[in-house]
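# Breakdown of the fold
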Amino acid sequence: MPLLEIESLGVSYGGVVAVRDISFHVDRGETVCLLGANGAGKSSTLMGISGVVAGRSGSVRFDGQEIGRSASHHIARAGLVQVPEGRRVFPAMTVLENLLLGGIHAHADERRGRVDRCYDLFPRLAERKEQAAGSLSGGEQQMLAIGRALMADPQLVMMDEPSLGLAPSLVEATFSTITRIRDEGLGVLLVEQNAGEALEVSDRAYVMETGEIVLSGTAEEVRKDPQVKSAYLGL
Ligand SMILES: Nc1ncnc2c1ncn2[C@@H]1O[C@H](COP(=O)(O)OP(=O)(O)O)[C@@H](O)[C@H]1O
Ligand SMILES: [Mg+2]
């Protein structure tokens, strides 16, 4: 049984249909990316899964449970978390305080263990733990946003354009973090415009166009697709 199984998901805003009847799945220990041009419906898909949009339809099964009608806080507590787009951290709070907020539902000693795991994954955060989050560089804030999501001890992490606006060296660091998270056995659902890099760290991929999935396969298969090559990889 897949960790996350989406069947006929639809998302609409008032009368505007952003996602139309899409179906896909994510297993434990795999990274799956959703590719597509601006406006294809990638962010809406993630929001439909995490329950933060009103107009959703279809079925979302997570860890064997139907969550397609659950409230977003129930979904997060079930172990499905999203790293917010644009790495929204609380700028006036310290790095440590931001992390602790992500583990607000855990017991104090569990929380300490998870903070240590975040510091292990991102030594930079340990060095800056007493610093205000707003004083971190963009790449460090991205690490903090991912760390905060991991503080909930999720089974699946969704990320919306994590490489957006980062310097090339930090893009590399972000993608290698994704691989480490996956290798710990978590599922990762990744949305990216940076198709080349995303396919490199993904096991499978789905391509969206105007709210629908038009292509799917292993990352290797999708990378070799002539349409993908010309439209997304600039080849
Ligand atoms: N809050 C909103 N209200 C109305 N339409 C929206 C809203 N958010 C997104 N859309 C529309 O839904 C479609 C898909 O957008 P989005 O999911 O953001 O695409 P992507 O993330 O692939 O760029 C677009 O046509 C967009 O204009
Ligand atoms: Mg988007």
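All values derive from a computational prediction rather than experimental measurement. (Residues numbered from 1 in each chain as written. Chains lettered and ligands numbered in written order. Predicted model: local features only at pLDDT ≥ 70, side-chain atom pairs only at ≥ 80, totals over all residues.)

### Observations concerning the overall build of the protein chain
- Across its full length, the protein chain holds 10 helices and 10 strands.
- Since a compact globule built from 235 residues should have a radius of gyration of about 18 Å, the 17 Å found for the protein chain is in line with a globular shape.
- For the protein chain, the spread of C-alpha atoms along the principal axes amounts to about 45 × 40 × 35 Å.
- Out of the 235 residues belonging to the protein chain, those deemed buried represent 42%.
- Of the contacts formed within the protein chain by residues at least 6 apart in sequence, a portion of 66% connects residues at least 24 apart. (Helix = DSSP H or I, 4+ residues; strand = E, 2+ residues; numbered from the N terminus. Rg over C-alpha atoms; globule rule 2.2 N^0.38 Å. Buried ≥ 20, exposed ≤ 12 C-beta atoms within 10 Å, placed from the backbone. Contact = placed C-beta atoms within 7 Å.)

### Quick word on helix α7 (residues 168-183)
- Relative to the 22 Å expected for 16 residues at 1.5 Å per residue, α7 spans 23 Å between its end C-alpha atoms, a close match to the ideal helical length.
- All buried positions along α7 are accounted for by T174, F175, T177, I178, I181 and R182. Here the buried residues of α7 occupy an arc of 150 degrees about the axis, which is enough to place them on one side. For α7, the exposed residues lying more than 90 degrees away from the buried face are P168, S169, S176, R180 and D183.
- Among the structural elements, β3 (31-35), α4 (108-121), α6 (138-150), β7 (156-160), β8 (187-191) and α8 (195-201) are those in contact with the buried residues of α7.
- G185 sits one or two positions beyond α7 and adopts a positive phi of about 105 degrees. (Expected span 1.5 Å × (residues − 1). Arc of directions from axis to C-beta.)

### Focus: the sheet that holds β3
- Taken together, the six strands give an open sheet; going across it, the order is β6-β7-β8-β3-β9-β10, and neighbouring strands pair in mixed fashion. Only two strands of the sheet have a single partner each, and these edge strands are β6 (80-83) and β10 (212-218). Going from strand to strand, the sheet's axes swing by 20 degrees on average, the running direction of each strand aside.
- Across four bridges, the pairing between β3 and strand β9 (residues 204-209) is parallel. Following the sheet pairing, L34 is matched in β9 by Y206.
- Seen against the sheet, helix α1 (residues 42-50) touches β3, β6, β7, β8 and β9 and runs at an angle of roughly 150 degrees to β7. (Pairing = 2+ DSSP bridges. Axes fitted to C-alpha atoms, helices over the stretch in contact; angles between N-to-C directions.)

### Examining the site of ligand 1
- Around ligand 1, the neighbouring residues are Y13, V16, A18, G36, N38, G39, A40, G41, K42, S43 and S44.
- Of all the secondary structure elements, the ones that give two or more residues to the shell around ligand 1 are β2 (16-26) and α1.
- Among the elements that take part in the shell around ligand 1, α1 stands out by supplying three residues, more than any other.
- Taken together, the residues of the shell around ligand 1 break down into four nonpolar, six polar and one charged. (Near = placed C-beta within 6 Å. Nonpolar A, V, L, I, M, F, W, Y, C, P; charged D, E, K, R; others polar.)

### Structural notes on the confidence of the model for the protein chain
- When pLDDT is averaged across the protein chain, the result is 93; 99% of the residues are at 70 or more.
- Helix α2 (residues 72-77) is the least confidently modelled element of the protein chain, averaging 88 in pLDDT, while β10 averages 98, the highest of any element. (pLDDT = per-residue confidence, 0-100.)

### Thoughts on the nonpolar core
- Residues L156, V157 and L190 are the most contacted members of the largest nonpolar core, which totals 63 residues.
- Ranked by residue count, the leading element in this core is α6, at six residues.
- Excluding residues that lie within four positions of it along the chain, V157 makes contacts with V81, V83, A149, I181, L186 and V188. (Core = buried A, V, L, I, M, F, W, Y, C linked by C-beta atoms within 7 Å.)

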